[in-house]
Amino acid sequence: MSHAAFHREFLVPADHPSLPGHFPGSPLAPGVMLLEQVALALQAWRGERLARVQDAKFMAPLLPQQHAQLTLTDINGRVRFEIRRDAELLARGTVEGAA
């Protein structure tokens, strides 16, 4: 069974204004920033806004200037997301979109 999918690469710039608070001296991208990338991808893919995060799990940090790969997959009307840095899974979950 094949599923429609959307792929996008992103990078968090070292000068992003949210980084100094997460964490001073050792910045990492906050989870809400990763979810923002999911929302932007959902908008680009389906023209939908992110209406609800059903579940989200963050397994490993994304550091400034690291490239990450985001994949959205439609599975029976639900949108699953995965964020990876190379082969390492950083985050995954399920979201709902709305027009």
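The following refers to the structure shown. (Residues numbered from 1 in each chain as written. Predicted model: local features only at pLDDT ≥ 70, side-chain atom pairs only at ≥ 80, totals over all residues. Heavy atoms only, no water.)

Right, let's get into helix α1 (residues 31–46). One turn of the α-helix equals 3.6 residues, which is why residues spaced by three or four share an orientation. For α1, with 16 residues, the first-to-last C-alpha span of 22 Å sits near the 22 Å given by 1.5 Å per residue. All of the buried residues along α1 are Met33, Leu34, Leu35, Gln37, Val38, Ala41 and Leu42. In this structure, the buried residues of α1 make contact with β1 (5–11), β2 (49–58), β3 (67–75), β4 (78–85) and β5 (88–98). Downstream of α1 by one or two residues, glycine 47 has phi in the positive range, about 70 degrees. (Helix = DSSP H or I, 4+ residues; strand = E, 2+ residues; numbered from the N terminus. Expected span 1.5 Å × (residues − 1). Buried < 20%, exposed > 50% of the residue type's maximum accessible area, 1.4 Å probe, protein only. Contact = heavy atoms within 4.5 Å.)

Let us look at the pattern of salt bridges. If you walk through the whole model with that rule in mind, you get six salt bridges. Here glutamate 48 ties to arginine 46 by a salt bridge, and the two come within 3.9 Å at their closest N and O atoms. On the basis of relative accessibility, which here comes to 28%, the residue arginine 46 falls in the partly exposed class. Notably, a salt bridge pairs arginine 80 with aspartate 55, separated by 3.7 Å at the nearest N-O pair. Separated by 25 residues along the polypeptide, arginine 80 in strand β4 and aspartate 55 in strand β2 bring together distant segments of the chain. Ionic contacts of the salt-bridge type, sharing partners, join the residues Arg46, Glu48 and Asp74 into one network. (Salt bridge = Lys/Arg side-chain N within 4 Å of Asp/Glu carboxyl O.)

An order of β1-β3-β4-β5-β2 is seen for the five strands of this open sheet, with the pairing classed as antiparallel. Because the sheet does not close on itself, it has two edges, and the strands there are β1 and β2. When the angles between neighbouring strand axes are averaged without regard to direction, this sheet yields 25 degrees. With seven bridges joining them, β4 and β5 adopt antiparallel strand pairing. Considered in β5, the bridge of arginine 80 is made with threonine 94. (Pairing = 2+ DSSP bridges. Axes fitted to C-alpha atoms, helices over the stretch in contact; angles between N-to-C directions.)

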